[in-house]
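Survey of secondary and tertiary structure
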Amino acid sequence: MSKLVTIYGGSGFVGRYIARRMAKQGWRVRVAVRRPNEALFVKPYGAVGQVEPILCNIRDDNSVRAALQGADAVVNCVGVLSEIGKNGFDAVHHEGAERVARLATEEGVSQLVQLSAIGADAQSDSEYARTKAAGEAGVQAAFAGAVILRPSVIFGSEDQFFNRFAEMTRFGPILPITGGNTKFQPVHVDDVAKAAEAAVLGQVEPGVYELGGPDVETLRALIDRMLNVTERRRLVVNLPFGIARLQAGIFDLVQWMTRGLVKAPLTRDQVRNLAHDNVVSEGAKTFEDLNITPRAMAAILPDYLWRFRNHGQYAAIQASAKNLRSDT
């Protein structure tokens, strides 16, 4: 019988790419999510019955145990960028990750991959970063031989980074940002999935790996890159952190008052994170240790940001038409 991998958060941005790769490897894939009816799109990744979404609440022991029973490997991709209701940073990043690792050990799972983030730091002023670090510690304590992947900001056709900023360009001539001088090392989503695939297959030594792409650029440079690809001209305004914190505080309040119905476009915790570079640290294990060559942004961004151009997929044709001369 084919081996089985359980992917917590397997319908999310990164999880779906891991699910697709494991299905191509011939594994049965169990996609554990809160809303399986919204994850049916993963089923065609494999043969009939090979990829199945199931209900799971990562905050509940019984639910997590049921999802991993019989699994040969487990991948935990569950994470939140802002706290909404019971899905707080500590409940998801720390307690949830630790729960998955503890129960995986009890159920005799062979391989465990934990998706974390560059910047995970127990001493950080960001709760996101602190709970990511706490989750890593909990995983390593509960599961000997765990592989922890720390990607920088992840880009790809479904991302909430370049797509988000590109969408903002549609609302006016000014594009406000915060942390314009902060450095990032964007990594393609399928390169992260490839690293997770190798870990599930037992091809990776246990430990922590920091995953960054070949380009290190400031946020302002990344915005300029996006504007160049989308062929839009906008005045980019780098807001001081003080003003950004004030705005984020208002957004946080609105999100809390509406119980998450209105999501904050920027939170105070995200502002704290934007004050710190998000790049691979010196001496860390990287893609090189995994024998993976990460892909550059220049080769991929035009494939999905074209839809934000004024003429969409016909932008190149429109530009070419301007150069035509009348024969008369």
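All figures in this text were calculated on a predicted structure; none of them were measured in a lab.

Now for the pairing of strand 4 (residues 73-76). Burial of strand 4 is two-sided: the residues A73 and V75 facing one way and the residues V74 and N76 facing the other way are all buried. In terms of strand pairing, strand 1 (residues 4-8) meets strand 4 through four bridges, oriented parallel. Across the sheet, the residue bridging to T6 is V74, located in strand 4. Of the pairings in the sheet, the one linking strand 4 to strand 5 (residues 111-115) comprises four bridges and is parallel in character. From the neighbouring strand, V74 faces strand 5, where its bridge partner is L112.

Moving on, we get to helix 6 (residues 189-200). For an α-helix the count is 3.6 residues per turn, leaving residues at separations of three or four pointing the same way. The terminal C-alpha atoms of helix 6, which comprises twelve residues, lie 17 Å apart, in line with the 16 Å expected from a rise of 1.5 Å per residue. Here helix 6 lies mainly inside the structure; eleven of its twelve residues are buried.

Counted as a void, the second largest pocket has a volume near 350 Å³. Taken together, 17 residues form the lining of the second largest pocket, with E83, D252, Q255, T267 and R268 sitting closest to its centre. For the lining of the second largest pocket, the secondary structure elements donating two or more residues are helix 8 (241-257) and helix 9 (268-274). When the residues that make up the lining of the second largest pocket are grouped by side-chain class, the tally is four nonpolar, six polar and seven charged.

Relative to each other, helix 2 (residues 61-68) and helix 3 (residues 89-106) sit at 50 degrees, their axes nearing to 10 Å. Regarding the angle of helix 2 to helix 3, the classification is oblique. Considering the relative orientation of helix 2 and helix 3, their crossing is right-handed. Counted together, D61, V64, R65 and L68 of helix 2 and R99, V100, R102, L103, A104 and E106 of helix 3 form the full contact between these two elements. Of the residues contributing to the contact of helix 2 with helix 3, the split by class is five nonpolar, no polar and five charged.

On to the pattern of salt bridges, then. Taken as a whole, this structure holds 18 salt bridges when the rule is applied. The partner of R295 in a salt bridge is D190, and the shortest N-O contact between them spans 3.2 Å. Of the two residues, R295 is situated in the loop between helix 9 and helix 10 (301-305) and D190 in helix 6; the sequence distance between them amounts to 105 residues. Judged by its relative accessible area of 31%, R295 falls in the partly exposed class. Here the salt bridges do not stand alone but share partners, grouping D61, R65, R99, R102, E106 and E107 into one network.

What counts, and at which threshold
- Residues numbered from 1 in each chain as written.
- Predicted model: local features only at pLDDT ≥ 70, side-chain atom pairs only at ≥ 80, totals over all residues.
- Heavy atoms only, no water.
- Buried < 20%, exposed > 50% of the residue type's maximum accessible area, 1.4 Å probe, protein only.
- Helix = DSSP H or I, 4+ residues; strand = E, 2+ residues; numbered from the N terminus.
- Pairing = 2+ DSSP bridges.
- Expected span 1.5 Å × (residues − 1).
- 1 Å grid on protein atoms, 1.4 Å probe; cavity = no way out; pocket = protein on both sides within 12 Å on 5 of 7 lines; lining within 4 Å.
- Points joined across faces, edges and corners; volume = space filled by probe spheres on them.
- Nonpolar A, V, L, I, M, F, W, Y, C, P; charged D, E, K, R; others polar.
- Axes fitted to C-alpha atoms, helices over the stretch in contact; angles between N-to-C directions.
- Parallel < 35°, antiparallel > 145°, perpendicular 65-115°, else oblique.
- Left-handed = near helix turned anticlockwise from the far one by under 90°.
- Contact = heavy atoms within 4.5 Å.
- Salt bridge = Lys/Arg side-chain N within 4 Å of Asp/Glu carboxyl O.

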